[in-house]
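# Analysis of the macromolecular model
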Amino acid sequence: MTDDLFAAAAAPDDVLRPLAVRMRPETLDEVVGQQHVLGDGSPLRRLADPQSQGSLTAPSSIILFGPPGVGKTTLAYIVAKQSGRAFEELSAVTSGVKDVRAVLERAHERLVTSHKETVLFIDEVHRFSKSQQDALLPSVENRDVTFIGATTENPSFSVIKPLLSRSVVVKLESLDDADLSTLIDRAIASPRGLEGTVAIDDDARDEIIRMGGGDGRKTLTILEAAAGAVTGGKHAKDPGKPAVITPDIVSSVMDVATVRYDKHGDDHYDVISAFIKSMRGSDPDAAIHYLAQMLRAGEDPRFIARRIMIAAAEEVGMAAPQILQVTVAAAQAVAMIGMPEARIILAEATIAVATAPKSNASYNAINEALADIDAGHIGQVPLYLRNAPTKLMKSWGNHEGYKYAHDYPGAVAPQQYMPDELVGREYYRPNDRGYERQVKENLARIKPILHGIGAARAADAAGTAGTAGAAGTAGTGAQPASSESGRTAQAEPGAALKKQHAAPQSESAASHTSSDATPQTN
């Protein structure tokens, strides 16, 4: 902890500080970028005003949320310096509750004895435990300190609710290309920086900006390394002229760009969200870009594979059901092979999902069905659809009157399957894309038969005449039938089973059948 965060900037001349430290702005007007939070009347402006000391309207607590290298620490120091407040700093990585209480005691004593307020800056406040954050609450509440916290993680999830409710959250953004260009020019010309000893061509400037990735500190670090290469090494030229930084020099000191990605923070969720939405939107190039971001940042390839499988079911669905098989195979291959070769498999699965026809009909169907269940729209299973593995259950009427689908043309019997309370409810609504177009056409033929419209009379007549196994086109899209229940005996003789399935419908079973299922007469 220190009363002057940037005391390092005033170190003796023989101790040269890094360029990023020397170039730290000293007033809010010198800050590059973040103008959206530095306007007149903003919390930071009000807090930096010397007249804010003792003001009942000045913010007592601010949380600065943003990626690394955008000026969180600098802004905290400037606020303290411009306002005339004392400055205390703690790092959440190395400080405990004892350190917090010691700082708060000093701040209280300072306020009582000299009427001077204190800015308490805590870097990486998201690393503080709940008890450490709780220790801040009384002093923040009583305004013994002006608390400024810095975090790279969303404070909604990393800061306790009582402290969050007492704070103003200021969201900082990555620096844009124009901001980084300004930083470079300022550092080259400034007496605190490189003092004009180097020049830079436009391509090299663009290269540094690209490598910096929106991080001001990283940008100045690359610039300093490049300047050192052209002034102190084999690239040094005429001492009387500024050495020129070229793209080759930049590449020689930094060949990998900064990837802005936090595997446990907002970056993780933002990039995976963009990845999924790109696949949904049928843009394979964007999807591959976000895949590359995640892979380069070290994201778990198994996590990515799981998200691709989910997208295959949710976004593609029955429009191209084979895509789910592709993604499942990809996930298994990724688990067996691992990186770096897994990148090829993930890319193939990503492109398969992105370029496939899309349908969320299956996704909507299960969601709507679950909503009905949650709302209590359940109903009773019709007796003729119930399982009857015992004589007692048969005596209740279970299974009696059931029409065995395979005894009807196209394996479709005129029969009500939905509970009486839900007759007419439609969950699955296929679209006209991909394979689902065939499914839609098949259902258009099947549904009238199921509900006893038109061809039901012929189907029923064929069923009672024992035309089992008759071929038809109506069931082309039908899925393999599943067993009625896990409790059903598996060894029932085939002849007896067929006789049971083809039994005439009794009055008891007929009472559970909609009138729509009755064969139509002329």
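Before any of the text, the structure's been laid out above.
Let us look at the structure shown here.

What counts, and at which threshold
Residues numbered from 1 in each chain as written. Predicted model: local features only at pLDDT ≥ 70, side-chain atom pairs only at ≥ 80, totals over all residues. Heavy atoms only, no water. Salt bridge = Lys/Arg side-chain N within 4 Å of Asp/Glu carboxyl O. Helix = DSSP H or I, 4+ residues; strand = E, 2+ residues; numbered from the N terminus. Expected span 1.5 Å × (residues − 1). Buried < 20%, exposed > 50% of the residue type's maximum accessible area, 1.4 Å probe, protein only. Arc of directions from axis to C-beta. Polar contact = N/O pair within 3.5 Å; in protein donor to acceptor, adjacent residues only side chain to side chain. Core = buried A, V, L, I, M, F, W, Y, C linked by side-chain atoms within 4.5 Å. Contact = heavy atoms within 4.5 Å. Axes fitted to C-alpha atoms, helices over the stretch in contact; angles between N-to-C directions. Parallel < 35°, antiparallel > 145°, perpendicular 65-115°, else oblique. Left-handed = near helix turned anticlockwise from the far one by under 90°. Nonpolar A, V, L, I, M, F, W, Y, C, P; charged D, E, K, R; others polar. Pairing = 2+ DSSP bridges.

### Things to note about the pattern of salt bridges
Overall, the coordinates contain 20 salt bridges when judged by the stated rule. Here Arg205 and Asp185 are joined by a salt bridge, their closest N and O atoms 2.5 Å apart. Placement of Arg205 in helix α9 (residues 202-212) and of Asp185 in helix α8 (residues 177-189) is noted, with a sequence separation of 20 residues between them. When the shortest N-O distance is used, the salt bridge between Glu368 and Arg429 registers 2.5 Å. Of this pair, Glu368 sits in helix α17 (residues 361-374) while Arg429 sits in the loop between α18 (391-395) and α19 (436-450); the two residues are 61 residues apart in sequence, bridging distant segments of the chain.

### So, helix α13 (residues 284-296)
The terminal C-alpha atoms of α13, which comprises 13 residues, lie 18 Å apart, in line with the 18 Å expected from a rise of 1.5 Å per residue. Among the residues making up α13, those that are buried are Ala287, Leu291, Met294 and Leu295. On an axial view of α13, the arc spanned by its buried residues comes to 95°, and they lie on one face. When the buried face of α13 is taken as reference, the exposed residues oriented beyond 90 degrees from it are Asp285 and Arg296. For α13, the side-chain oxygen to backbone nitrogen distance between the N-cap and Asp285 is 3.2 Å, and the N-cap itself is Asp283.

### Side note on the nonpolar core
In terms of nonpolar packing, the biggest core is built from 31 residues, with Phe275, Met279, Ile304, Ile308, Ile323, Leu346 and Val353 touching the most fellow members. At the level of elements, α12 (266-280), α13, α14 (301-316), α15 (322-337) and α16 (342-355) are the ones that each hand at least two residues to this core. For this core, the element with the highest residue contribution is α16, accounting for eight residues. Residues within four places of Ile304 in sequence aside, it is in contact with Phe275, Leu291, Met294, Leu295, Glu299 and Leu346. Formed by 29 residues, the second largest nonpolar core is a distinct cluster that contains Ile184, Val198, Ile222 and Ile249.

### Examining the packing of α14 against α16
Two elements in contact, α14 and α16, have axes separated by 10 Å at closest approach and are oriented at 15°. On the basis of their axis angle, the class for α14 and α16 is roughly parallel. For the pair α14 and α16, the sense of crossing is left-handed. On α16, the residues touching Pro301, Ile304, Ala305, Ile308, Ala311, Ala312 and Val316 of α14 are Leu346, Ala349, Thr350 and Val353. Tallied by class, the residues present in the contact of α14 with α16 amount to 10 nonpolar, one polar and no charged.

### Digging into the sheet that holds strand β3 (residues 118-123)
As summarised here, the arrangement of the five strands in space is β2-β3-β4-β1-β5, forming an open sheet in which the pairing is parallel. Each edge of the sheet is formed by a strand with only one pairing partner; in this case those strands are β2 (86-91) and β5 (168-171). In this sheet, neighbouring strand axes are inclined to one another by 20° on average, regardless of whether the strands run parallel or antiparallel. Note: β3 against strand β4 (residues 146-151), four bridges, orientation parallel. Paired with Phe121 across the strands is Ile148, a residue of β4. Contacts between helix α4 (residues 97-114) and the sheet are confined to β2 and β3, with β2 contributing the most and set at about 175° to the helix.

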